[in-house]
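# A closer look at the structure
The lines below spell out each chain.
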Amino acid sequence: MKELQVNEVQEVSGGFYSAGNLAAAARFTGAMGFLSGAFQVGFTAGTWLNENTPIQMWISEYIEAY
């Protein structure tokens, strides 16, 4: 199997492959991981609040008041 050089990879990929694009993809992946983690924490906290407090009643009363 032949190992491709950087310029050959760029030619085959239509110029998409570059150090800048690779860095951007890595940052995007990192951001998505952070957002996924934040969602999981928020969902867990919301589930706990829903099961252990009368928050549904508080929200309902607040909505009815306005």
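Source: prediction; values computed, not measured. (Residues numbered from 1 in each chain as written. Predicted model: local features only at pLDDT ≥ 70, side-chain atom pairs only at ≥ 80, totals over all residues. Heavy atoms only, no water.)

### A closer look at the overall build of the chain
Across its full length, the chain holds three helices and zero strands. In the chain, which comprises 66 residues, the proportion classed as buried is 0%. Of the roughly 6,000 Å² of accessible surface on the chain, a fraction of 66% belongs to carbon and sulfur atoms. (Helix = DSSP H or I, 4+ residues; strand = E, 2+ residues; numbered from the N terminus. Buried < 20%, exposed > 50% of the residue type's maximum accessible area, 1.4 Å probe, protein only. Areas by Shrake-Rupley, 256 points an atom, 1.4 Å probe, with all protein chains shown as cover.)

### Concerning the packing of aromatic side chains
Counted by the stated rule, this structure contains two aromatic pairs. Where phenylalanine 39 meets phenylalanine 43, the ring centres are 6.0 Å apart and the plane angle is 25°; that geometry is what we call stacked. Separated by four residues within a single helix, phenylalanine 39 and phenylalanine 43 lie in helix α2 (residues 19–52), roughly one turn from each other. Of the two residues examined, phenylalanine 39 and phenylalanine 43, each falls in the exposed class. Plain terms: the ring middles of tyrosine 62 and tyrosine 66 are 4.8 Å apart, the flat faces sit at 50° to each other, and that makes the pair tilted. Taking the relative accessible area as the measure of exposure, tyrosine 62 reaches 55% and is therefore exposed. (Phe/Tyr/Trp six-rings, centres within 6.5 Å; stacked < 30°, edge-to-face > 60°.)

### Some points on a nonpolar patch on the surface
Taken together, the side chains of Phe28, Met32, Phe34 and Leu35 make up a nonpolar region of the molecular surface, amounting to roughly 480 Å² of accessible area. By the element assignment, phenylalanine 34 lies in helix α2. (Patch = residues over 30% accessible without salt bridge, like charges linked within 9 Å, V, L, I, M, F, W, Y side chains within 5 Å. Salt bridge = Lys/Arg side-chain N within 4 Å of Asp/Glu carboxyl O.)

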